Amino acid sequence: MWTVVYMANTRDDAEYIEKILTKEGFLVKIKPISKNNDRGTCEVLVPRSEVEEAHTLLFHQGL
């Protein structure tokens, strides 16, 4: 099951978070929230088993 680890204000922000997480070996999906604007708010998701580690990584990155 995929779980939200970060809510990004823009698609660019979501892709930045994705880059950080995938560099550390996490599986990542980006899910746009707004159907009519693919550059808007997005959820960044990771497998449920990796949420705690992903949160820790993002915290240490200052995000």
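This write-up is about the structure you can find in this document. (Residues numbered from 1 in each chain as written. Predicted model: local features only at pLDDT ≥ 70, side-chain atom pairs only at ≥ 80, totals over all residues. Heavy atoms only, no water.)

### Some points on the nonpolar core
This is how the line gets drawn: The definition of a nonpolar core used throughout is a set of buried Ala, Val, Leu, Ile, Met, Phe, Trp, Tyr and Cys residues joined through side-chain atoms within 4.5 Å. Residue burial is assigned from relative accessible area. The probe radius is 1.4 Å, only protein chains are included, and a residue is buried under 20% of its type maximum, exposed over 50%, and partly exposed in between. Secondary structure elements follow DSSP: runs of H or I of four or more residues count as helices, runs of E of two or more count as strands, with numbering from the N terminus. Every residue pair with non-hydrogen atoms within 4.5 Å of one another is taken to be in contact.
Val 5, Leu 21, Val 44 and Val 46 are the most contacted members of the largest nonpolar core, which totals 16 residues. Taken together, the elements giving at least two residues each to this core come down to strand 1 (2-8), helix 1 (11-23), strand 3 (42-47) and helix 2 (51-60). Not counting the four nearest positions on each side in its chain, Leu 21 is found in contact with Val 5, Phe 26, Val 28, Val 44, Val 46, Ala 54, Leu 57 and Leu 58.

### Here's the deal with the environment of Glu 24
Assignment of secondary structure puts Glu 24 in the loop between helix 1 and strand 2 (29-32). Sequence separation of Glu 24 and His 60 is 36 residues, and the distance between their C-alpha atoms is 13 Å.

### With respect to helix 1
So the rule is basically this: The span one expects for a helix is its residue count, reduced by one, times 1.5 Å. Regarding the arc, it is the one traced by the directions from the helix axis to the C-beta atoms.
Over its 13 residues, helix 1 runs 18 Å from end to end, which matches the ideal 18 Å to within 8%, given 1.5 Å per residue. Within helix 1, burial applies to Ala 14, Ile 17, Ile 20 and Leu 21. For helix 1, the arc enclosing every buried residue in end-on projection is 120 degrees, short of the 170-degree limit, so these residues lie on one face. Opposite the packed face of helix 1, turned more than 90 degrees from it, sit the exposed residues Lys 19 and Lys 23.

### Quick notes on the sheet that holds strand 2
Neighbouring strands of a sheet are bound in pairs by backbone hydrogen bonds; such pairs are parallel or else antiparallel. The cut-off we apply is this: Note on pairing: DSSP must find at least two bridges between two strands before they are called paired. Between N-to-C directions, angles cover 0 to 180 degrees, with each direction set by a line fitted to C-alpha atoms, over the stretch in contact for helices.
Spatial ordering of the open sheet is given by 1-3-2, a layout of three strands whose pairing is antiparallel. The open sheet has two edge strands, strand 1 and strand 2, and neither has a second partner. Direction aside, the axes of adjacent strands within the sheet are offset by 35 degrees on average. Docked against the sheet, helix 1 engages strand 1, strand 2 and strand 3, running at close to 20 degrees with respect to strand 3. Along the sheet, helix 2 contacts strand 1 and strand 3; its crossing angle with strand 1, the most-contacted strand, is approximately 20 degrees.

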